[in-house]
Amino acid sequence: MAKKILCIDDEPEVVEYLRDILQDAGYATCEAYDGKEGLEVAKREQPDLITLDLDMSKEWGTRFYRNLRRDPNLKDVPIVVVSALSGNKYAVKDAVANIDKPFTPQQILDVLKKILGE
Amino acid sequence: MALDIEAGKLLLADDEQSIRRVLGLSLEDRGYEVLTAEDGHSAYAVYREHDPDIVLADIKMPGLDGIELLKRIKRESPDTEVIMITGHGDMELAIQSLKHDACDFVTKPIKEDVLDIALGRAEEKLSMRRQLRDYTERLEEMVREQSAKLVEAEKVAAAGQVLDRLTTALNGIADDLENGESPFFQEIPCLISLHDSSLRVLRINQPFRARFGDRLGDPSWAVYGKGAVGETDCPAKRCLQSGQPEKSREFATDAQGDIVPLLVHTVPIQDTQGRMDMVMEVGVDLTRVRNLQQELFSTQWRYQQLFDEVPCYITVQDRDLRIQAMNRQFKQDFGDEPGESCYRIYKHRAEPCPECPVLKTYEDGRSHQYETVVTAKSGEQQNVLIWTAPIRDSEGEVTQVMEMSTNITEIRQLQDHLTNLGMLLSSVSHNIKNLFTALDGAMYKVSSGLAKKDEAKVEQGWHRVSHLVGRIKGMVVDILDYAKQRELERHSVSARELHERLVEQIEPRTAGYGIRLDHEPPGEDLELFADTEQMLNALHNILDNAVEACLADPAKESGSHVIRLYFRKESEDWAACVIEDNGVGMDRETRENMFTLFFSTKGNRGTGLGMFIAGQTVSRHGGRIEVESKPGWGSRMTVWLPRAGQSEGRVEAA
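Attention in this report is confined to the structure presented alongside it. Given the structure is predicted, the values throughout are model-derived calculations rather than measurements.

This next bit is on the overall build of chain B. Each helix and strand in chain B was counted, giving 19 helices and 22 strands. When burial is assessed residue by residue, chain B has 46% of its 654 residues classed as buried. Only carbon and sulfur atoms are counted for the fraction: they give 51% of the accessible area of chain B, which is about 33,800 Å².

What follows is the structure in structure tokens.
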């Protein structure tokens, strides 16, 4: 079965970009536009990996991350930070990768391949 | 950066334990002695106890919040530098903190380089202040030296009194004189002569001879240039008559015929039987004293020049803050009313300012600095940096305080502009990266559509590309306009031309989102007096806002949104451009803040510049924007614009 990836970003265009890339590469996707929604979707969809924007207007990505780690079913889901903030590596301590915006499709796919295999 | 510098104490106040730990370590690496506190009240307590040089405080903390902490610290010690830590979206609080004199702020998550810059700035301010203090102390030293010179001059005057005593002493010497000439008599640096009771010069010393020639046997009054018509008054005669020591100012004529001012002391000398048989006359040449006085006067004059010409305001104030002396610059800008109080002239207040630096100097005898806003007699508001210096009397008591104020309005304005520009750049660079990512996404869609020969996808992607390019363009133009406020180049422009160009710019966007654009071209005869490009940009920003308002409104079905654009005549002098939408509408707070710099409801999508620039442009044209809006109902913006021809003169005057 295709691995499922949850994309969280408050910019709909960015979410759509990620969805296009990932679906073209054969991944299943689900999406959310803020941290609160992200948590609901994560509980429902049990994704294999999450891409997370940090600087979101409603709620910061770091808070989502803290809430996620409290959920025993979700605490081990790998997180890839995709953000326009430079120096974002301090924000989510055990993120498996940090990708700076703007990014290329290849950057995303390389990272996912390394983490999820295949 | 600051590793090899001896850094001082730093207080870190943040309610998040992880931030305290990580940031604390990194600050210790920079060489600071780091104190921490987990909320506002304990931070204040730590500050009171340890008096750190720098305070790094979270703007949002339980109990006493960051701003309140900042205000308290600044009230007690303006020299402590406070850097605020702000979260995303705290921009208004951040700006507020700068108004309360925070040194800088850093945004979470805290980046090393940003922190370095903020700390560097704080260190720089601290060291500048130290230098300023050194400078002021040097100034005090100068004042001290100058007072020392004055004291010296006083001593010269006192020499006259010493002579009185000398006279008494000379009585003793005169006794010796009776027994022949004493060598002492020749060496005294005064003009000494002995006169007998018939007023003849009996004996003179060497200095007297050098000055007036050999006058032995002459009448006592001869050197005073008198006696021509039987005038015989002279010091020796008066002394003989009174039998007492006498003192007077005289003019004598020396051997060269020059007039010499003299201070003359006379002493009666008694013979062994107690009869008065001689008078000793001691003259001091006043020309030398005059020269000294002259010198003192010219020094004072030079100081007066300096006092008047320095390009800052100087006043000398008494304990009631009444102005006792003021320099020319002060008179020119604040009026010439000696005796009036400082706070009345500077601030139009009825009582002293709460943090008056002059009163502080009276209290502790030290220099103080203070920054404030004052109003000149022209009504102009000036930011001034004030520093004070005590003026002490010989006992060391502070009798007056000198206050020097420098007009730093332009520096402040520049600083504000730079701070705003800095904030703008940091928020914009983030937005632009997001926009570029979205643009990459749109282009990816186009190429993926092309690869799959999916025409609908290509079209969708292409539409998005053009929309995003429009947004990037708008953002860049806004930044450029803000960064350098261009002069208005106003001329007559037809409303119809503006209308056509606006429709041309906005129609592709509205069509792309299925928003209907209703517009009526205005009559040919409606001419405006405006800078075409800047006004177009302003109106475009308002239209753009209307589009965003429609997009943000989920309540209505797509296809039911309408934007209306039309121009109309309001009066002989005024026209209006009306832009209406039935989008999401605004609540009161949004309405009131919509023209404020960096205010944005669009989150990452807005720079907070568009409407600010629109508002600025319109008011620079002498016009205004009326806003009617209600959540769920939509908005109507009426932009008042001056008409060309008859109105030009009047609008310029307004």
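With that settled, the discussion passes to the overall build of chain A. Assigned secondary structure in chain A consists of 4 helices and 5 strands. Along chain A, helices and strands appear, N-terminal first, in the series β-α-β-α-β-α-β-β-α. The proportion of buried residues among the 118 residues of chain A is 56%. Here the contacts in chain A between residues at least 6 apart in sequence split such that 62% fall between residues at least 24 apart.

Here the focus is the pairing of strand S1 (residues 4-8) of chain A. Residues and elements named next belong to chain A. In terms of burial, S1 is largely enclosed, as 4 of its 5 residues are buried. For S1 and strand S2 (residues 28-32), the ladder comprises 5 bridges, and the chain directions are parallel. Opposite Ile5, over in S2, you have Thr29 as the bridge partner. At this point the chain moves from S1, through helix H1 (residues 12-24), to the parallel S2, and the crossover so formed is right-handed. Of the pairings in the sheet, the one linking S1 to strand S3 (residues 49-52) comprises 4 bridges and is parallel in character.

Attention shifts here to the interface of chain B and chain A. On the side of chain A, 24 residues touch chain B, which itself brings 28 residues to the contact. Between chain B and chain A, the buried area comes to about 2,300 Å², and carbon and sulfur atoms account for 54% of it. Across the contact surface, chain B and chain A share 4 salt bridges. Lys445 of chain B serves as the salt-bridge partner of Glu16 of chain A, at 2.7 Å between the closest nitrogen and oxygen. Inspection of the region where chain B meets chain A yields 8 residue pairs in polar contact (both at pLDDT 80 or more). It is helix H13 (residues 409-451) of chain B that contributes the most residues to the side of chain B that touches chain A, 11 residues altogether.

Residue and element names in this part refer to chain B. Strand direction decides the pairing type here: strand S17 (residues 516-520) and strand S19 (residues 562-569), joined by 5 bridges, are parallel. Looking across to S19, one finds that Glu520 is bridged to Tyr566. Taken together, the 7 bridges between S19 and strand S20 (residues 574-581) define a ladder with antiparallel strand orientation. Within S20, the residue paired with Leu565 across the bridge is Ile579. In sequence, S19 turns back onto S20 through a hairpin of 4 residues.

Attention now goes to the pattern of salt bridges. Per the counting criterion, the structure on display carries 42 salt bridges over all chains. A salt bridge links Arg464 of chain B to Glu16 of chain A; the nearest nitrogen and oxygen atoms lie 2.6 Å apart. Highlighted residues: Arg464 of chain B in helix H14 (residues 455-483) and Glu16 of chain A in helix H1, drawn from two different chains. In this structure Glu16 of chain A comes out as buried when scored by relative accessible area, which is 12%.

What the rule picks out here adds up to 9 aromatic pairs over all chains. Look at Tyr17 of chain A and Phe103 of chain A: their rings are 5.1 Å apart centre to centre, the planes differ by 10°, and that puts the pair in the stacked class. Residue Tyr17 of chain A is located in helix H1, and its partner Phe103 of chain A is located in the loop between strand S5 (97-100) and helix H4 (105-116); the two are separated by 86 residues in the primary sequence. Their ring planes at 80° and their centres at 4.9 Å tell us that Phe334 of chain B and Tyr346 of chain B sit as a pair that is edge-to-face. Of this pair, Phe334 of chain B sits in helix H10 (residues 328-334) while Tyr346 of chain B sits in helix H11 (residues 342-347), placing them 12 residues apart in sequence. On the basis of relative accessibility, which here comes to 5%, the residue Phe334 of chain B falls in the buried class. An aromatic cluster is defined as three or more aromatic residues linked by ring pairs; in this entry it consists of Tyr313, Phe330, Phe334 and Tyr346 of chain B. Positioned above the aromatic ring of Tyr44 of chain B is the side chain of Arg72 of chain B, whose terminal nitrogen or guanidinium carbon lies 5.0 Å from the ring centre. A cation over an aromatic ring shows up here: Arg624 of chain B above the ring of Trp640 of chain B, its NZ or CZ 4.2 Å from the ring centre.

Moving on, we get to the side chain of Thr29 of chain A. Residues and elements named next belong to chain A. Within the secondary structure, Thr29 sits in strand S2. Only 3.1 Å separates the side chain of Thr29 from the side chain of Gln23, close enough to count as a polar contact. Leaving out residues up to four positions away in the same chain, Thr29 has contacts with Ile5, Arg19, Leu22 and Gln23.

What follows deals with the environment of Pro105 of chain A. Turning to its location among the elements, Pro105 of chain A is positioned in helix H4. Judged by relative accessible area, Pro105 of chain A falls into the partly exposed class, the value being 22%. In the structure, Pro105 of chain A is positioned 85 residues away from Asp20 of chain A in sequence and 9.5 Å away in space, judged by C-alpha atoms. If we ignore the near neighbours within four places in the chain, the residues touching Pro105 of chain A are Tyr17 and Ile21 of chain A together with Tyr444 of chain B.

Here Lys108 of chain B lies in the loop between strand S5 (104-107) and helix H5 (112-178). Owing to a relative accessible area of 18%, Lys108 of chain B belongs among the buried residues under this scheme. Within the local environment of Lys108 of chain B, its side chain forms a polar contact with the side chain of Asp58 of chain B, the two groups lying 3.2 Å apart. Ignoring anything within four residues of it in the chain, the contact list for Lys108 of chain B reads Trp60 of chain A together with Asp14, Glu16, Ile19, Asp58, Ile85, Thr86 and Gly87 of chain B.

Looking now at helix H3 (residues 66-76) of chain B. Residue and element names in this part refer to chain B. Listed in full, the buried residues belonging to H3 are Gly66, Ile67, Leu69, Leu70, Ile73 and Lys74. Mapping the buried residues of H3 onto a view down its axis gives an arc of 160°, with all of them on the same face. Those residues of H3 that are buried are in contact with helix H2 (40-50), strand S3 (54-58), strand S4 (81-86) and helix H4 (91-99). Between the side-chain oxygen of the N-cap and the backbone nitrogen of Ile67 there are 3.2 Å, and the N-cap of H3 in question is Asp65.

Let us look at the sheet that holds strand S13 (residues 369-375) of chain B. Residue and element names in this part refer to chain B. Read across the open sheet, the 5 strands follow the order S12-S11-S15-S14-S13; overall the sheet is antiparallel. Looking at strand neighbours, the two that pair on one side only are strand S12 (323-326) and S13, the edges of this open sheet. Neighbour-to-neighbour, the strand axes of this sheet turn through a mean angle of 30°, independent of strand direction. Sheet strands touched by helix H12 (residues 357-364): strand S11 (313-317), S13, strand S14 (381-392) and strand S15 (398-407). Its angle to S15, the strand with the most contacts, is close to 145°.

Residues and elements named next belong to chain B. In spatial order, the strands read S7-S6-S10-S9-S8; together these 5 strands make up an open sheet with antiparallel pairing. Two strands close off the open sheet at either side, each with one partner strand: strand S7 (201-204) and strand S8 (246-253). Pairs of neighbouring strands in the sheet enclose a mean axial angle of 30°, with direction left out of account. With 9 bridges connecting them, strand S9 (residues 259-270) and strand S10 (residues 276-285) associate as antiparallel partners. Counterpart to Thr266 in the pairing with S10 is Glu281.

Quick notes on the rules
Residues numbered from 1 in each chain as written. Chains lettered and ligands numbered in written order. Predicted model: local features only at pLDDT ≥ 70, side-chain atom pairs only at ≥ 80, totals over all residues. Heavy atoms only, no water. Helix = DSSP H or I, 4+ residues; strand = E, 2+ residues; numbered from the N terminus. Buried < 20%, exposed > 50% of the residue type's maximum accessible area, 1.4 Å probe, protein only. Areas by Shrake-Rupley, 256 points an atom, 1.4 Å probe, with all protein chains shown as cover. Contact = heavy atoms within 4.5 Å. Pairing = 2+ DSSP bridges. Right-handed = clockwise from strand over helix to strand, strands pointing away. Buried area = accessible area lost by both parts, 1.4 Å probe. Salt bridge = Lys/Arg side-chain N within 4 Å of Asp/Glu carboxyl O. Polar contact = N/O pair within 3.5 Å; in protein donor to acceptor, adjacent residues only side chain to side chain. Phe/Tyr/Trp six-rings, centres within 6.5 Å; stacked < 30°, edge-to-face > 60°. Lys NZ or Arg CZ within 6 Å of the ring centre and 35° of its normal. Arc of directions from axis to C-beta. Axes fitted to C-alpha atoms, helices over the stretch in contact; angles between N-to-C directions.

Read these as layout, nothing more, since geometry by itself doesn't imply function.
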